[in-house]
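A closer look at the structure
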Amino acid sequence: LAKTTQPISMDSYEGQEVNITCSHNNIATNDYITWYQQFPSQGPRFIIQGYKTKVTNEVASLFIPADRKSSTLSLPRVSLSDTAVYYCLVGDDYKLSFGAGTTVTVRA
Amino acid sequence: GAVVSQHPSWVICKSGTSVKIECRSLDFQATTMFWYRQFPKQSLMLMATSNEGSKATYEQGVEKDKFLINHASLTLSTLTVTSAHPEDSSFYICSASPEAGELFFGEGSRLTVL
């Protein structure tokens, strides 16, 4: 499983866009990139998944450059309820290895 | 989306007793489920892979006799913490996937051993 590196924490304000970049230099050819969100005392929740280029859903966008050695999760117009830990994972099977994650704190 | 449910959501027990945590996939069948533990302000650590109809696969450093896993049906996996001690107090989370690519997690079960 590829190892990932993310910033430990990020601060933002309501209404701003938050971009979290994850490095995964050793990503394998068949690895997908998946992002999860976790609130305290809850299980992680799937946000978005991608393989290359750009993926967008109703809550986020995922940007993946051509070399796939990094990816950026973009959260548009965050609110206080987006305060959580965000995990970037890579892997082509269901055995995902969690890194430290990024704690995003949104302030009013 | 798919739903994975855990029970109980929290449990308090005395040291030396055993505690069972259930993980159910409510609207899909899962031949494989995963168990994690998470200490405060730390990331999830994969403990074991639960396989329906066969033995679980444990990660390095996880005692199989301490953390008994049973995956008796395609919708239920159980984790039993045997002879629990205060250091076993943690947040235990399970996950499963109905198809390739998206993993769904349970709500988690907080175990406190007194």
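This text follows the structure it describes.
Residues numbered from 1 in each chain as written. Chains lettered and ligands numbered in written order. Predicted model: local features only at pLDDT ≥ 70, side-chain atom pairs only at ≥ 80, totals over all residues. Heavy atoms only, no water.

All names here are of chain A. Ordered in space as S1-S9-S8-S3-S4, the 5 strands form an open sheet in which the pairing is mixed. Sheet topology places strand S1 (9-13) and strand S4 (45-50) at the edges, where each strand pairs with a single neighbour. Averaged over neighbouring strand pairs, the angle between their axes works out to 25° when direction is ignored. Inspection of the sheet shows strand S3 (residues 32-38) paired to strand S8 (residues 84-91) by 7 bridges, in the antiparallel sense. (Pairing = 2+ DSSP bridges. Helix = DSSP H or I, 4+ residues; strand = E, 2+ residues; numbered from the N terminus. Axes fitted to C-alpha atoms, helices over the stretch in contact; angles between N-to-C directions.)

Okay, the interface of chain A and chain B next. Each partner contributes residues to the interface: chain A has 16 residues there, and chain B has 21 residues. Here chain A and chain B share an interface that buries about 1,400 Å² over both sides, 58% of which is from carbon and sulfur atoms. Our enumeration of links across chain A and chain B arrives at 0 salt bridges. Where chain A touches chain B, the interface holds 6 residue pairs in polar contact (both at pLDDT 80 or more). For the side of chain A that touches chain B, the elements supplying multiple residues, two or more each, are S3 and S4 of chain A. (Contact = heavy atoms within 4.5 Å. Buried area = accessible area lost by both parts, 1.4 Å probe. Salt bridge = Lys/Arg side-chain N within 4 Å of Asp/Glu carboxyl O. Polar contact = N/O pair within 3.5 Å; in protein donor to acceptor, adjacent residues only side chain to side chain.)

Moving on to the layout of surface pockets. Remark: the empty space left among the atoms is shown by a probe the size of a water molecule rolled over them. The calculated volume of the largest pocket comes to roughly 500 Å³. Lining the largest pocket are 21 residues, and of these Val 85 of chain A together with Gln 38, Pro 40, Lys 41 and Gln 42 of chain B lie nearest its centre. The element that contributes the greatest number of residues to the lining of the largest pocket is S8 of chain A, accounting for 3 residues. (1 Å grid on protein atoms, 1.4 Å probe; cavity = no way out; pocket = protein on both sides within 12 Å on 5 of 7 lines; lining within 4 Å. Points joined across faces, edges and corners; volume = space filled by probe spheres on them.)

Within the secondary structure, Pro 65 of chain A sits in the loop between strand S6 (61-64) and strand S7 (70-75). For Pro 65 of chain A, a relative accessible area of 34% gives the class partly exposed. (Buried < 20%, exposed > 50% of the residue type's maximum accessible area, 1.4 Å probe, protein only.)

Before going further, it helps to spend a moment on the nonpolar core. Core analysis: the largest hydrophobic core is formed by 24 residues, its most contacted members being Val 4, Trp 35, Tyr 92 and Leu 111 of chain B. Of all the secondary-structure elements, those providing two or more residues to this core are strand S2 (10-13), strand S3 (19-25), strand S4 (32-38), strand S5 (45-51), strand S7 (67-73), strand S8 (76-81), strand S9 (90-96) and strand S11 (109-113) of chain B. Not counting the four nearest positions on each side in its chain, Leu 111 of chain B is found in contact with Val 11, Cys 13, Val 19, Val 81, Asp 88, Ser 89, Ser 90 and Tyr 92 of chain B. Leu 62, Ile 64, Leu 73 and Leu 75 of chain A belong to the second-largest nonpolar core, a separate cluster that totals 20 residues. (Core = buried A, V, L, I, M, F, W, Y, C linked by side-chain atoms within 4.5 Å.)

Inspection of the entire model under this criterion finds 9 aromatic pairs over all chains. Their ring planes at 90° and their centres at 5.7 Å tell us that Phe 98 of chain A and Tyr 36 of chain B sit as a pair that is edge-to-face. Of this pair, Phe 98 of chain A sits in the loop between S8 and strand S9 (102-107) while Tyr 36 of chain B is found in strand S4, placing the two residues in two different chains. The two residues Phe 98 of chain A and Tyr 36 of chain B agree in class, both being buried. One aromatic cluster in this structure is built from Tyr 36, Phe 46, Tyr 87 and Phe 98 of chain A together with Tyr 36 and Phe 105 of chain B. Geometry around Tyr 51 of chain A places Arg 68 of chain A over its ring, the cationic atom sitting 4.0 Å from the centre. (Phe/Tyr/Trp six-rings, centres within 6.5 Å; stacked < 30°, edge-to-face > 60°. Lys NZ or Arg CZ within 6 Å of the ring centre and 35° of its normal.)

Our focus in this paragraph is the sheet that holds S6 of chain A. Residues and elements named next belong to chain A. In spatial order, the strands read S2-S7-S6-S5; together these 4 strands make up an open sheet with antiparallel pairing. Strands at the two margins of the open sheet, each flanked by one partner only, are strand S2 (18-23) and strand S5 (53-56). With strand direction ignored, the average angle separating the axes of adjacent strands in the sheet is 15°. As paired strands, S5 and S6 are joined by 4 bridges and run antiparallel to one another. Residue pairing for S6: Thr 56 is matched across the bridge by Ser 61.

Residues and elements named next belong to chain A. You can see Leu 80 is positioned in the loop between S7 and S8. Taking relative accessible area as the criterion, Leu 80 reaches 44% and is therefore assigned partly exposed. Linking Leu 80 and Tyr 32, residues 48 residues apart in sequence, is a C-alpha distance of 29 Å. Those residues in contact with Leu 80 that sit more than four places away from it in its chain are Glu 14, Val 106, Arg 107 and Ala 108.

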